[in-house]
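Chain and residue survey
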Amino acid sequence: MHKLIRRAILCIAVCSSFSAIANDNTGNTTVTHVEVWQGGSIYVTTSETTKTNPASCSYTGTYKVSGMGTELLHTQLLSALVTSTTAKLTIYSGGCESNRPVIVAVALVKD
């Protein structure tokens, strides 16, 4: 019984720590540059004058895409770049990659 209660408390503590992390959105922006490196690193530049940086990353000239779903995000970003479609990016607030803010979602917005 005590093990079950401890596990429940641990689960509540872990789950509540994830919900405390709130990602941030860029608002409507234009993707101006997508750079893909061997090994899968993707760097993205947008038309924003001030980059969205909820994790206070030290380098804010570009965003980084990494992790699961990279291919889908890459496709969305290339689509936004090639068609000049407005995009709204969701930026991860729980950390940085290569000292850059991390894109975790891309929404294409029809003007």
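Up top you'll find the structure we're talking about.
Residues numbered from 1 in each chain as written. Predicted model: local features only at pLDDT ≥ 70, side-chain atom pairs only at ≥ 80, totals over all residues. Heavy atoms only, no water.

1. Regarding the sheet that holds strand β3 (residues 42-46)
- Spatially, the three strands line up as an open sheet ordered β2-β3-β4, and their pairing is antiparallel. Looking at the sheet topology across the chains shown, the edges are occupied by β2 (31-36) and β4 (63-65). Averaged over all adjacent pairs, the angle separating strand axes in this sheet is 25°, with direction ignored.
- Sheet topology note: the β3/β4 ladder contains three bridges and is antiparallel. Across the sheet, Ile42 pairs through a bridge with Val65, a residue of β4. (Pairing = 2+ DSSP bridges. Helix = DSSP H or I, 4+ residues; strand = E, 2+ residues; numbered from the N terminus. Axes fitted to C-alpha atoms, helices over the stretch in contact; angles between N-to-C directions.)

2. Overview of the state of the cysteines
- Tallied over the entire structure, the rule returns one disulfide.
- What pairs with Cys57 in a disulfide is Cys96, and their sulfur atoms sit 2.1 Å apart. On the sign convention where negative means left-handed, the S-S torsion of about -100° between Cys57 and Cys96 marks this disulfide as left-handed. With Cys57 in the loop between β3 and β4 and Cys96 in the loop between β5 (86-91) and β6 (103-109), this pair connects stretches of sequence that are 39 residues apart.
- Judged by its relative accessible area of 36%, Cys96 is partly exposed. (Disulfide = S-S within 2.5 Å. Buried < 20%, exposed > 50% of the residue type's maximum accessible area, 1.4 Å probe, protein only.)

3. Focus on the side chain of Lys64
- Within the element layout of this structure, Lys64 appears in strand β4.
- Classification of Lys64 as buried rests on a relative accessible area of 5%.
- A polar side-chain atom of Lys64 sits 3.3 Å from a polar atom in the side chain of Ser98.
- With near-sequence residues (within four places) excluded, Lys64 lies in contact with Ser41, Ile42, Tyr43, Glu97, Ser98, Arg100, Pro101, Val102 and Ile103. (Polar contact = N/O pair within 3.5 Å; in protein donor to acceptor, adjacent residues only side chain to side chain. Contact = heavy atoms within 4.5 Å.)

4. What to know about the nonpolar core
- Counting residues in each nonpolar core, the largest one holds 14 residues, and the members touching the most others are Val31, Val44, Val65, Leu77, Leu89 and Ile103.
- Mapped by element, the contributors of at least two residues to this core are β2, β3, β4, α2 (70-83), β5 and β6.
- When sequence neighbours within four positions are dropped, the list of residues in contact with Val31 reads Val44, Thr45, Thr46, Leu77, Ala80, Leu81 and Ala87. (Core = buried A, V, L, I, M, F, W, Y, C linked by side-chain atoms within 4.5 Å.)

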